Amino acid sequence: MMFVPIERREGAEAELVVFPHAGGGPASPAPLAPLLPPGVEPWAVNLPGRQARLAEPPRTDLAALVEELADELAGHGPRPRALFGYCSGAMLAYLVCRRLDALGRPPARLIVGSFAAPDVAVFLRRLHTLPSALFWERLIDYGGVPAELAERHELRPILEPALRADFGLLAGYRHDPGPPMSVPITVLYGRHDTSLDRGGLLGWRRQSVRRPVLRELDASHWLMEDAPAELAAALAEDLAERVA
């Protein structure tokens, strides 16, 4: 299965499907689960090459992966759901959302965190091809992993394959302009995030027929790590208002 529940909740009225940051597995957003209201059942993407699927080769074909993810979500039950893409996971969530919209099975909402609009986002085209030492040097300079992970040298051999796979997936992305989606978009960003500018955040308005909602959190780029309670409250409020 490409999606797994983080926590099963009997009688939940809606789903929040999380697409974690680069290299993140389905356990990455687990700290959010107890902070969400009981009516929201949290799910996460379960990609090969990480955590319980560490022995499986990671995916390298972005288009095929998006199609598979969208098709599996389209087969889920009738409960309304929001897709939450965090950091580079926002791109995968966006592409899956666009595919679902084209299939006539759009989610109730797309929520993106700490990522610029796809037509102006900067992609690291060569990062995944660099030797290990240089890979980590550039990754840390870029701010591509949370600080606590960057400092855990003993975890690098475990994290590196999934990180390379995720940056490699997006390295060849070229934006293909399409009609605005029917899906409303919320953009979450950190007040202290110096990697994003206002234009990159506002650019999400080109991806939906509805004006996006921008929500500022008291955090850096790493919303989930810096301000989990504030992030969960923002997600819960958005779901309560727009997933009904």
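The preceding data block contains the structure.
Caption draft 1: Representation of the pattern of salt bridges in the model. In total, this model carries 16 salt bridges according to the counting rule given. Of the charged contacts, one joins Glu-7 and Arg-9 as a salt bridge, the two residues approaching to 2.8 Å between their closest N and O atoms. Its relative accessible area of 10% is what places Arg-9 among the buried residues. With a closest N to O distance of 3.8 Å, Glu-67 and Arg-99 form a salt bridge. A residue pair is termed long-range when its members are at least 10 positions apart, and Glu-67 in helix H1 (residues 62-74) and Arg-99 in helix H2 (residues 89-102) qualify at 32 residues. Exposure remark for Glu-67: the relative accessible area of 39% places this residue in the partly exposed category. Here the salt bridges share partners, and the residues they tie into one network are Arg-8, Glu-15, Glu-41, Arg-79 and Arg-81.

Caption draft 2: Here's a closer look at the sheet that holds strand S5 (residues 109-113). Pairing within the open sheet is mixed, and its seven strands lie in the order S1-S3-S2-S4-S5-S6-S7. Pairing within the sheet leaves two strands with one partner each, and these edge strands are strand S1 (3-5) and strand S7 (213-217). On average, adjacent strands in this sheet sit at an angle of 25 degrees to one another, irrespective of strand direction. The pairing of S1 with strand S3 (residues 40-45) spans three bridges and is antiparallel. Across the sheet, residue Pro-5 finds its bridge partner in S3, namely Trp-43. Each of S1, strand S2 (14-19), S3 and strand S4 (81-86) is contacted by H1, which is oriented at about 45 degrees to S1, the strand it contacts most.

Parameters at a glance
As a convention, each chain's residues are numbered from 1 in the sequence order in which they are written. Only residues with pLDDT of at least 70 are given local features in this predicted model, and only at 80 or more are side-chain atom pairs given and counted; all residues enter the totals for whole chains, interfaces and linings. Each side-chain value is derived from all of the structure's non-hydrogen atoms; neither hydrogens nor water enter the calculation. Any carboxyl oxygen of Asp or Glu within 4 Å of a side-chain nitrogen of Lys or Arg constitutes a salt bridge here. Per-residue accessibility, obtained with a 1.4 Å probe over protein chains only, is compared with the maximum for each type, and a residue is labelled buried under 20%, exposed over 50%, and partly exposed between these values. Numbering of helices and strands runs from the N terminus, with a helix taken as a DSSP run of H or I at least four residues long and a strand as a DSSP run of E at least two residues long. What makes two strands pair is DSSP finding at least two bridges between them. Axis geometry follows a simple rule: fit a line to the C-alpha atoms, using only the stretch in contact for helices, then measure angles between N-to-C directions, giving values from 0 to 180 degrees. It only takes one pair of heavy atoms within 4.5 Å for two residues to be counted as in contact.

Take it as geometry only, folks, not as evidence of what the structure does.
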